[in-house]
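What the coordinates show
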Amino acid sequence: MCHLKDSGIEWIGKIPANWQRVKFNALYINRNEKVSDKEYRPLSVTKKGIVPQLETAAKTNDNDNRKLVKVGDFVINSRSDRRGSCGISKLNGSVSLINTVLAPRNDQMVPRYYDWLFHTVAFSDEFYKWGHGIVDDLWTTNWNDMKNITLILPTRSEQQKIADFLDRKCMQIDKLMSNISAEIELLENYRNSFIAKTVTKGLGSNVCLKESNVAWIGKVPQSWEIEKLKYLVDNVDKGISPQYSNENDYDVRIITQSSFSQGSLNDEGVRFAKGKMSKNSRGAIWRGDVLLATTGGGILGKTYYYDENKLYFASADVARIRPNSNKFLGKLIYYILSINYELMNNTMSQGSTNQIHLNMSLLRNMKLPCPDFGSQVRIVNYLDEKCSEIEHLIEQKKQQIDIISHYKNSLIFDYVTGKREI
């Protein structure tokens, strides 16, 4: 192992004794040429690199106000909410002005080595530390800021060796994570098909079936009814649009649609507001309510069964469904809605790309299979047990990915800073 010295760069730490320090603008030139996306194809800057513009990307009519990108340029999104979105472009094209486009300045550097360095968590933290903005979670780091960031400069041969090694090693790691992700997808698909069969066919194996005349339901047991959602619940409405406040000065907690994914609630999307509100105030969420995301591509249709005693309120982008406990179990509504993601994003939605929103009238009139109350209880208990087993397997797989991802990030940082020798 070669001798290490203190780099004098806080986010880098120790480096090999023969490595140098260098300013960002000694390695890269800012390419700031304005072009039109009519002449240069629009590109998107993502965490997976530079790709043809995504369908979900926000688009403007300012087609002539873009930045030129050439093959080999390094492009990074300057906004803090796009952390980690960067890469070397394999395409000629154009990107929005929020991105910084950099061309390699000289042959002292191997671009692929710096691409690995710039994808480390440590660099992302340092990059956004140099930014400016008006709120804590949204600011930008422009070229005038980033050009003064101090980087490291190994010998060119060392850069090449490190880049080649990480290309090979991380390809193996990514393949392993991809295989685990595929296993998760299989488990999720199995869970959804299992739920779909149970909520439409029941638990019996030799039951006479009849046509429901509803495409997604198909045939149901002879004794079941088909009923509209609005007749099975006390109400279906959206939440409130309060004036948000900070976490240290609030009266109520607001659950937004980014607070929950399928079956789980996280604190990151919870917002805070001032106001004297009670359990009977508009938007209040009661235990047993079903929550549904109502806007945005990729989010609309996500569901959550609220099974807590804490007093929260739904935001305006959340549909709150309050079951009638004498007619239909809220947990069964949750299971039914959780498998109808495609239906809500197509037949029951309006708008285009990431501006779509759920048609509340269509939601209220959505037809559901209705077993007798005793069958509902048995179905929910059965699904709770089986889905818990599947979710446990999925969670184990996700933990494996987290561990491998952490290992990959540590591996990259240790090699690009010379703490581990090839």
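Refer to the structure printed above.
Just so we're clear, the structure is a prediction, and the values are computed from it rather than from any experiment.

About the thresholds
In this numbering scheme, every chain counts its residues from 1 along its sequence in written order. Local features are withheld for residues below a pLDDT of 70 in this predicted model, meaning they are given only at 70 or higher, and side-chain atom pairs are given and counted only at 80 or more; totals for whole chains, interfaces and linings count all residues. For the side-chain quantities, the full set of heavy atoms in the structure was used; hydrogens and water were omitted. Salt bridges, as used here, are contacts in which a Lys or Arg side-chain nitrogen is within 4 Å of a carboxyl oxygen on Asp or Glu. Strands here mean DSSP runs of E at least two residues long; helices mean DSSP runs of H or I at least four residues long; both are numbered from the N terminus. For this analysis, a nonpolar core means a set of buried residues of the types Ala, Val, Leu, Ile, Met, Phe, Trp, Tyr and Cys, connected via side-chain atoms within 4.5 Å. Each residue is assigned to one of three classes by its accessible area relative to the maximum for its type, calculated with a 1.4 Å probe on protein chains only: buried under 20%, partly exposed between the two thresholds, exposed over 50%. Any two residues whose heavy atoms approach within 4.5 Å are treated as being in contact. By the criterion applied in these results, polar contacts are pairs of N or O atoms within 3.5 Å in which, for protein atoms, one can donate a hydrogen and the other can accept it, and in which residues neighboring in sequence qualify only through two side-chain atoms. Here the aromatic set is Phe, Tyr and Trp, taking the six-membered ring for Trp, and pairing holds for ring centres within 6.5 Å; pairs whose planes are under 30 degrees apart are stacked, those over 60 apart are edge-to-face, and all others are tilted. Geometrically, a lysine NZ or arginine CZ counts as sitting over a ring once it is within 6 Å of the ring centre and also within 35 degrees of the ring normal.

1. Quick look at the pattern of salt bridges
- What the rule picks out here adds up to twelve salt bridges.
- Measuring nitrogen to oxygen at the nearest pair gives 2.7 Å for the salt bridge that ties Asp73 to Arg31. Separated by 42 residues along the polypeptide, Asp73 in the loop between β8 (66-69) and β9 (74-77) and Arg31 in the loop between β4 (28-30) and β5 (34-35) bring together distant segments of the chain.
- Each of Arg112, Asp164 and Asp167 takes part in salt bridges that share partners, so that together they form one network.

2. A few points about the nonpolar core
- Within the largest apolar cluster, 50 residues are counted, with the highest numbers of intra-cluster contacts made by Phe24, Tyr28, Tyr114 and Leu151.
- At the level of secondary structure, the elements contributing two or more residues to this core comprise β9, α1 (111-118), α2 (121-129), α3 (143-146), β15 (150-153), α4 (156-201) and α8 (373-416).
- At ten residues, the largest contribution of residues to this core is made by α4.
- Each residue touching Leu151, except ones within four places of it in the same chain, is listed here: Ile9, Trp11, Gln20, Arg21, Val22, Phe24, Leu27, Tyr114, Leu117, Phe118 and Phe123.
- Counting 36 residues, the second largest nonpolar core, distinct from the first, contains Leu229, Met360, Leu363 and Ile379.

3. Some remarks on the side chain of Asn340
- Residue position: Asn340 is located in the loop between α5 (330-338) and α6 (341-345).
- A distance of 2.8 Å separates a polar atom in the side chain of Asn340 from the backbone oxygen of Ile336.
- Dropping the residues within four chain positions of it, Asn340 is found in contact with Trp216 and Met366.

4. Observations regarding the packing of aromatic side chains
- Within the structure shown, the criterion is met by 20 aromatic pairs.
- Between Tyr113 and Tyr114 the ring centres are 4.8 Å apart and the planes differ by 85°, which places this aromatic pair in the edge-to-face class. Like Tyr114, Tyr113 is buried.
- On the basis of an interplanar angle of 70° and a centroid distance of 6.5 Å, the ring pair of Tyr304 and Tyr306 is categorised as edge-to-face.
- A relative accessible area of 0% means that Tyr306 is categorised as buried.
- Following the ring pairs from residue to residue traces out a cluster consisting of Trp11, Phe24, Tyr28, Phe74, Tyr113, Tyr114, Phe118, Phe123, Phe127, Tyr128 and Trp143.
- A cation sits over an aromatic face here: Lys279 above Trp286, 5.0 Å from the ring centre.
- Over the aromatic face of Tyr341 sits the side chain of Lys302, whose NZ or CZ is 4.9 Å from the ring centroid.

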